[in-house]
Amino acid sequence: MSDFDLVLIGDVVLPDRVIERGYVAVRDGEVAAVGAGKAPGAATVEDFSGGSILPGAIDGQVHSRSQADQEDFLWSTRSAAAGGVTTIVDMPYDDGELICTAERLAGKAAAAASQARVDFALYGTVHPDDGPRHISSMVEAGAAAFKFSTFGTHPERFPRIPPQTMHDCFAEIARFDLMAGVHNENEEVIRAALATTRAGGRTDYLAHGLSRPAISELLAMAEVYELGAATGCAAHVVHCSLGRGYEMARAYRDQGYRATAEACIHYLTLSEEDDVSRLGGVAKINPPIRGRAEREALWRHLAEGNIAIVSTDHVSWSLERKTRNDMLENASGAPGLEALVPLLATGLAERGLPMTWAARLLAENPARLFRIDRRKGALRTGRDADIAVLVPDEHDYDPAASGNNVVDWSPYAGRRLAWRVEAAWLRGQPVWTYGGSVAEPGTGSWVRPGISRGAA
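Draft legend 1. Highlighting the overall build of the protein chain. Looking only at helices and strands, the protein chain features 13 helices and 17 strands. Computed over its C-alpha atoms, the radius of gyration of the protein chain comes to 21 Å, within 12% of the 23 Å expected for a compact globule of 456 residues. Each of the three principal axes of the protein chain carries a C-alpha extent, and together these read 70 × 50 × 45 Å. Counting only residues that meet the buried cut, the protein chain has 62% of its 456 residues in that class. In the protein chain, the share of contacts with a sequence separation of at least 24, taken over all contacts with a separation of at least 6, comes to 74%. Accessible area for the protein chain stands at about 16,300 Å²; split by element, carbon and sulfur atoms hold 47% of it. Each charge class in the protein chain was averaged separately, 46 positive and 60 negative side chains, and the resulting centres sit 2 Å apart.

Draft legend 2. Structural detail: the environment of alanine 378. Its location among the elements puts alanine 378 in the loop between helix H13 (356–369) and strand S15 (387–396). Among all residues touching alanine 378, those that are not within four sequence positions of it are Pro55, Arg383 and Asp384.

Draft legend 3. Local environment of the sheet that holds strand S11 (residues 179–183). Pairing is parallel in the open sheet, where 8 strands are placed in the order S5-S6-S9-S10-S11-S12-S13-S14. Edge positions in the sheet fall to strand S5 (57–62) and strand S14 (309–311), since each of these pairs with one other strand and no more. Direction aside, neighbouring strands of the sheet carry axes that sit 30° apart on average. The sheet contact formed by strand S9 (residues 119–124) and strand S10 (residues 145–149) spans 2 bridges and is parallel. By the bridge assignment, tyrosine 123 is partnered in S10 with alanine 145. Against the sheet, helix H1 (residues 72–82) touches S5, strand S6 (85–90) and S9, its axis set at about 140° to S6.

Draft legend 4. Looking closely at the layout of surface pockets. Of the volumes computed, that of the largest pocket is approximately 670 Å³. Forming the boundary of the largest pocket are 32 residues, of which Thr153, Asn286, Asn330, Ala331 and Ser332 lie nearest the centre. Where the lining of the largest pocket is concerned, the elements lending two or more residues are helix H5 (187–199) and helix H6 (206–211). Broken down by element, the residue count for the lining of the largest pocket peaks at 3 residues, all from H5. Partitioned by chemical class, the residues of the lining of the largest pocket number 8 nonpolar, 13 polar and 11 charged.

Draft legend 5. Expanded view of the sheet that holds strand S3 (residues 30–36). Ordered by their spatial adjacency, 7 strands build an open sheet running S3-S2-S1-S4-S15-S16-S17, and the pairing between neighbours is mixed. Each edge of the open sheet is held by one strand with a lone partner, namely S3 and strand S17 (429–433). Pairwise comparison of adjacent strand axes, ignoring direction, gives a mean angle of 30° for this sheet. With 8 bridges connecting them, S15 and strand S16 (residues 416–426) associate as antiparallel partners. By the bridge assignment, histidine 395 is partnered in S16 with leucine 417. Docked against the sheet, helix H12 (residues 340–350) engages S15 and S16, running at close to 130° with respect to S16.

Draft legend 6. Inspection of the pattern of salt bridges at higher detail. Inspection of every chain in the model, using the stated rule, returns 39 salt bridges. In this structure, the salt-bridge partner of aspartate 119 is arginine 427, at a minimum N-O distance of 2.6 Å. With aspartate 119 in strand S9 and arginine 427 in the loop between S16 and S17, this pair connects stretches of sequence that are 308 residues apart. Measuring nitrogen to oxygen at the nearest pair gives 3.0 Å for the salt bridge that ties glutamate 296 to arginine 351. Residue glutamate 296 is found in helix H11 (residues 292–303), and its partner arginine 351 is found in the loop between H12 and H13; the two are separated by 55 residues along the sequence.

Draft legend 7. Quick peek at the packing of aromatic side chains. Counted by the stated rule, this structure contains 7 aromatic pairs. Aromatic side chains phenylalanine 48 and tryptophan 425 sit 6.1 Å apart centroid to centroid with 70° between the ring planes, which places their arrangement in the edge-to-face category. Remark: tryptophan 425 occurs in strand S16 and phenylalanine 48 occurs in strand S4 (residues 42–55); sequence separation between them is 377 residues. Relative to phenylalanine 170, the ring of phenylalanine 148 lies with its centre 5.8 Å away and its plane at 50°, an arrangement referred to as tilted. With phenylalanine 148 in strand S10 and phenylalanine 170 in helix H4 (residues 163–174), the pair connects residues that are 22 residues apart, well separated along the chain.

Draft legend 8. Local environment of unusual backbone geometry. Each neighbour pair has its own omega, and for asparagine 286 with proline 287 the value is -15°, a cis peptide bond. With respect to the helices and strands, the residue proline 287 is situated in the loop between helix H10 (272–279) and H11. You will see that aspartate 69, though not glycine, has its phi angle at about 60°, which is positive. With respect to the element layout, aspartate 69 can be found in the loop between S5 and H1. On the basis of relative accessibility, which here comes to 84%, the residue aspartate 69 falls in the exposed class. Residue arginine 427 is not a glycine yet carries a positive backbone phi of 50°.

What counts, and where the lines are drawn
- Residues numbered from 1 in each chain as written.
- Predicted model: local features only at pLDDT ≥ 70, side-chain atom pairs only at ≥ 80, totals over all residues.
- Heavy atoms only, no water.
- Helix = DSSP H or I, 4+ residues; strand = E, 2+ residues; numbered from the N terminus.
- Rg over C-alpha atoms; globule rule 2.2 N^0.38 Å.
- Buried < 20%, exposed > 50% of the residue type's maximum accessible area, 1.4 Å probe, protein only.
- Contact = heavy atoms within 4.5 Å.
- Areas by Shrake-Rupley, 256 points an atom, 1.4 Å probe, with all protein chains shown as cover.
- Lys, Arg positive; Asp, Glu negative; His and termini not counted.
- Charge placed at Lys NZ, Arg CZ, Asp CG, Glu CD.
- Pairing = 2+ DSSP bridges.
- Axes fitted to C-alpha atoms, helices over the stretch in contact; angles between N-to-C directions.
- 1 Å grid on protein atoms, 1.4 Å probe; cavity = no way out; pocket = protein on both sides within 12 Å on 5 of 7 lines; lining within 4 Å.
- Points joined across faces, edges and corners; volume = space filled by probe spheres on them.
- Nonpolar A, V, L, I, M, F, W, Y, C, P; charged D, E, K, R; others polar.
- Salt bridge = Lys/Arg side-chain N within 4 Å of Asp/Glu carboxyl O.
- Phe/Tyr/Trp six-rings, centres within 6.5 Å; stacked < 30°, edge-to-face > 60°.

Here it is, written out as structure tokens:
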């Protein structure tokens, strides 16, 4: 009888090293052994020599339900599985329902569980009128973190939380040792800049960046980190497009505070000059995609360890909401789940950085950030056998070709990728095979954090 259910052979990518011609052995849905040399026997042995075996990615920023009757977990988790993403963390701003109570969180989890093809964790949030009133019950219900915004996109669906309310919320979240993630754009600066941009008659691709200047991000980040410092809460900025922002986060950490910042893959991949100029609304994202110089600054911060995680901020708007002639009238956000892992791996190779960064930024760090690292985030004995295999394959990305995306557009369409996802496993079971099958709805489960009460 074989000792293991599954053995995968290839270059095993760990956060600190790569085991060339190594192996990962799986038993009962868990990683049972990781090693080098001759691989042990198993009921199933898969040889991916020349490929890279990574921990399944955790995308810490997904919007599965931003547009009603559009994507939902059926499609977001299908895109995820095809991209080697085995856990998504979904945002609380659903079209028609703000996830701001325990009942709404549990209802969303039940609906998602019937659809999801990979595992999922859930952000909670608060309504401005409620403040911290429902936070403890949402923690009990299973919220992995809490999301706030310093800018009001919509008063009910995506509201601004004023600083005095956010302070009280941070203080309550700190009692449970969870993280507070914040959309970082200053309300007053943007309202003024937007009015100036409109008054000037700007509707071209530059209008978006002009309406949301860099200082709006930086002022909001200072607010977020000071609130974290004042309350003892782990303060996380969910998308930073500026090198200065990562410098700020590092400075607060150097002072002993828990301050982190997240880079979305579009900030590491696209630029205003090269991409927003030709794509227009397709590349409209908040905060905006900045110029080449900021993109390269972010790569320097990645190499220095100042970026906590890399995510997608995935949202699959219907195309008519992204192709209006007036740049400012387009919806903000773009899909990216299927392309996340190959995009980051390609960028690392182009800049001479090791694949180990992918294991850190896409798995180990997000698992820790969302307090799910008891089971997720590493090819380590006893953890869930969530695994993705990348193989070298130069190709131009085509979001319409695979059939795994609810929309056929992407700001990454036509981008040259050096890798593709060959296969993925969730808790030892295959959820994606290139040219083959994808997991059925209901395969995924709700992942809840380990709660530590009383920690600040």
